[in-house]
Amino acid sequence: MLFIVTFCAVTICSGARLAVAASLMAGAAKVDITNRNAGPVNDPLYARALVIRSGATTAVLVAVDAVAIGEIGYITNAYLPTVRGKLNDELGIPPEHVLINASHCHGIVCDDVTERTVQAVKAAVEKMVPVTVGAGTGHEDRIMENRRLKLKSGREVDVRHAYSLPPDDAVAEVGPVDPQIGILRLDREDGSPLAVVYNFACHPIQGVPGGANTADMTGFSSKVIEENLGEDVIALFLQGCGGDINPVFYKDVDHPRSAEPLGNMLGLSTLAGVRSIDCREDDRLTVINETLTLPRGDRTDRIAELESKQRQLLQSLRGTTLNLKTFLPLAVKYSLSDEYPSYYSHRYLHDDALGRSDLRHLDAENRRNIEAYMQNIHTMEELTRVQTNLRLLRKHQASLVASGKRTIDVELLGLRVGNFVLVTFPGELTVRIGLNIKKASPHDHTFVAGYTNGYIYYAPTAEQLLNVGGAQEDSDCILAPEWQAIFETKAAEILERL
Ligand SMILES: [Zn+2]
């Protein structure tokens, strides 16, 4: 299905009455969607809605503090069609003009999130006023890192809590980040801000000390923007291509991990970008909604390879004289001194003078045993990675078989508001894909939002898919490598038409 709706003020509008309609109208609102029956709450989760109208065209943007729009987490697969159905029935807004993005925070939303989302859109419609608009960018590179580590072996692993990282000396390099914050600013006619839409790529999964329910870093960034720009301003965060981007110090064990300082930095950097934007009268509003068919990956061979690897690792575990209780103090002692780990130096010198080597013999034996025990531990850590990723591969392989199809249909949405241009995808795009699309776009202010209008798990590059079974992005994925070129070509085509 192909829907193209554009509005051209010059050809349609003439006469005084329609002069008002020629300007862009917008309204924004937010509704609390926090689940307050699911334990302590650190900060509220919201559905934030922005409704934009130009002549006969209306577009709705909804930013939801949730992990995904369906498939995983607390928002069901019925959510998107139900919200769209209600907006169509009650407000006459076509379903294909409704964009709903999940921030991908791991907070818990309330059971009636569907009704509350509709309520947010209705409240936004009621507040609609003429607006001026402008696009721009901000810059933030302090709060995130690429979570995929390229190993010297040529394989890649990722930074997760689900398993241990490989030894430091196995890591060769890290992947890119995208420090750009994409911004759409909408001002009222008096120049005061009405809403800010901002797009950035990072998993908002840092959590808060104490572990209470939270909208995470992008909840804090939106709060900073809203509080600084004044009452009634709504800041909608659209998650970008954050598939392989984590908050910094994600595996820190020395400090309570907190999303708040990271979110505050993102919010302040967004505000700097917002302040650099000059809003102008610009009534361009275009929505393109297309369904794209993508090839699914068959992981039969890879699963067999990983199972073989799993058996090989298991069989490589060797008997050791040490156990955890004897290993730990020895490992500390032998890291403190290369030459005299077992006793004071004078005893070693005394042994040397008498021509004895008892302590040095003991040290050599202990070092061998420490090494053997560590080897088993590294094998065990590798097994945790293999088994976690194997479970993901088996899950998606089972769903491939159950679907009876080799393809999956996904919804893409292209949006232009003034000089702000956006393409969306319903999965966890990795950062390289966003960088590629932005670079190839004919428009200055082009941004990409994953996690939108559905959820089909991770969507890594074809190159990252050479590593299937090695990291979450390539294992928690249902796509065949060819998907990337198909999507990037279609995204370029949509951008050309926007
Ligand atoms: Zn994710």
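Residues numbered from 1 in each chain as written. Predicted model: local features only at pLDDT ≥ 70, side-chain atom pairs only at ≥ 80, totals over all residues.

- As named in an unreviewed UniProt entry, the chain is Neutral/alkaline non-lysosomal ceramidase, taken from Maioricimonas rarisocia.

## Things to note about unusual backbone geometry
- One non-glycine residue, D232, adopts positive backbone phi at about 75°.
- Inspection of the secondary structure puts D232 in the loop between α5 (216-229) and β13 (234-239). (Helix = DSSP H or I, 4+ residues; strand = E, 2+ residues; numbered from the N terminus.)

## Digging into the domain arrangement of the chain
- Considered domain by domain, the chain is made up of domain 1 (2-297 + 411-497) and domain 2 (300-403).
- Just the C-alpha atoms count here: the centres of domain 1 and domain 2 sit 43 Å apart.
- Tallying the contact residues gives twelve residues for domain 1 and 14 residues for domain 2.
- Considering only residue class, the side of domain 1 that touches domain 2 consists of six nonpolar, four polar and two charged. (Domains from an automatic or database assignment. Contact = placed C-beta atoms within 7 Å. Nonpolar A, V, L, I, M, F, W, Y, C, P; charged D, E, K, R; others polar.)

## So, the pairing of strand β3 (residues 46-54)
- A large share of β3 lies buried, amounting to nine of its nine residues.
- Across eight bridges, the pairing between strand β2 (residues 24-32) and β3 is antiparallel. Within β3, the position partnered with A28 by the bridge is L50.
- The sheet contact formed by β3 and strand β4 (residues 57-64) spans eight bridges and is antiparallel. Directly across from R48, in β4, lies its bridge partner A63.
- The hairpin turn running from β3 into β4, its antiparallel successor, is two residues long, and G55 in that turn takes a positive phi close to 60°. (Buried ≥ 20, exposed ≤ 12 C-beta atoms within 10 Å, placed from the backbone. Pairing = 2+ DSSP bridges.)

## Concerning the sheet that holds β3
- If you trace the eight strands from one edge of the open sheet to the other, you get β5-β4-β3-β2-β6-β11-β12-β13, paired in mixed fashion. Since the sheet does not close on itself, it has two edges, and those belong to β5 (98-102) and β13, each with one partner. Taking the axes of each pair of neighbouring strands and ignoring which way they run, one obtains an average angle of 25° across the sheet.
- Inspection of the sheet shows strand β6 (residues 129-139) paired to strand β11 (residues 180-188) by nine bridges, in the antiparallel sense. Each bridged residue has a counterpart across the sheet, and for V133 the counterpart in β11 is L186. (Axes fitted to C-alpha atoms, helices over the stretch in contact; angles between N-to-C directions.)

## Some remarks on the environment of R432
- By secondary structure assignment, the location of R432 is in helix α11 (residues 431-440).
- Here the alpha-carbon distance between R432 and E156, two residues 276 residues apart in the chain, equals 15 Å.
- For R432, the residues in contact, after removing those within four places along its chain, are P176 and T461.

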